[in-house]
Amino acid sequence: MSTAHTAAQVTPQTTPQTIPLSAVTWFELPARDLDRAQRFYETLLQVRLRRESMGPVRTLAVFPYAAPGVGGCLMNAPDLAPAADGGGALVYLDTGRAGLDAALARLPSAGGRQLGPKVTLPAGMGEFAHIEDSEGNRVGLHADA
């Protein structure tokens, strides 16, 4: 028997009913110049990105996607470094049925730390928190509403 893991592998903690459809729920690519970045991706991918506001500070250019698929956006982020400067994309991982609070409770013993407060998203989109993993990566954790 192979010891390689497969996408459908069931462990004592999971069952086929609790394995999420996708490990990633959302992504954000920081952009120092959102107009320039949006033009680049619209040209590159031949798609139209939709502008949205996220709170008083952030503007997003959302990539088209069909719900409940994985979505993502460009985010105006002059305060976040792009990959060339040591920053880069921010991936959000689904916390599953246990939820965000349970994942955050396990975070210190797993070797990570929370990088800010838990945020409740508008319109029943759930909640998220940013963490630092054991390797120093910045990752978002997301839970549905």
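As the structure is a computational prediction, the values presented were derived from the model and not from experiment.

Reading guide: rules and limits
Residues numbered from 1 in each chain as written. Predicted model: local features only at pLDDT ≥ 70, side-chain atom pairs only at ≥ 80, totals over all residues. Heavy atoms only, no water. Core = buried A, V, L, I, M, F, W, Y, C linked by side-chain atoms within 4.5 Å. Buried < 20%, exposed > 50% of the residue type's maximum accessible area, 1.4 Å probe, protein only. Helix = DSSP H or I, 4+ residues; strand = E, 2+ residues; numbered from the N terminus. Contact = heavy atoms within 4.5 Å. Arc of directions from axis to C-beta. Polar contact = N/O pair within 3.5 Å; in protein donor to acceptor, adjacent residues only side chain to side chain. Pairing = 2+ DSSP bridges.

S.K.: Could you clarify how one ought to interpret the nonpolar core in this entry?
M.R.: The tendency in soluble globular proteins is for nonpolar side chains to be buried side by side. With ten residues, the main nonpolar core is built from Trp26, Leu60, Val62, Cys73, Met75, Ala77, Leu90, Tyr92, Leu121 and Phe128. Mapped onto this core, the elements with two or more residues apiece are β3 (58–62), β4 (71–76) and β5 (90–94). Ignoring any residue separated from it by four or fewer positions in sequence, one finds leucine 60 in contact with Leu34, Arg50, Arg51, Glu52, Met54, Cys73, Leu74 and Met75.

S.K.: Sorry, what's going on with helix α2 (residues 100–110) here?
M.R.: Three- or four-residue spacings in an α-helix give side chains the same orientation, since the helix completes a turn every 3.6 residues. Where α2 is concerned, the buried positions are Leu100, Ala103, Leu104 and Leu107. Summarising the axial view, the buried residues of α2 lie within an arc of 100°, below the 170-degree limit, and thus occupy one face. Projecting away from the buried face of α2 at angles above 90 degrees are the exposed residues Ala105 and Ser109. At its buried positions, α2 is contacted by β6 (113–114), β8 (127–132) and β9 (138–143). Glycine 111 sits one or two positions beyond α2 and adopts a positive phi of about 105°.

S.K.: Quick question: what am I supposed to make of the side chain of histidine 142 here?
M.R.: Relative to the assigned elements, histidine 142 resides in strand β9. Reaching out from histidine 142, the side chain makes a polar contact with the backbone oxygen of methionine 125 at a distance of 3.0 Å. Once you skip the residues sitting within four places of it in the chain, histidine 142 turns out to touch Thr25, Tyr92, Leu93, Asp94, Thr95, Leu121, Met125, Gly126, Glu127 and Phe128.

S.K.: Explain the pairing of β8 to me, please; I cannot follow it from the model alone.
M.R.: Counting buried positions along β8 gives five out of six residues, so the element sits mostly inside the fold. The pairing of strand β7 (residues 119–120) with β8 spans two bridges and is classified as antiparallel. Bridged to valine 119 within β8 is phenylalanine 128.

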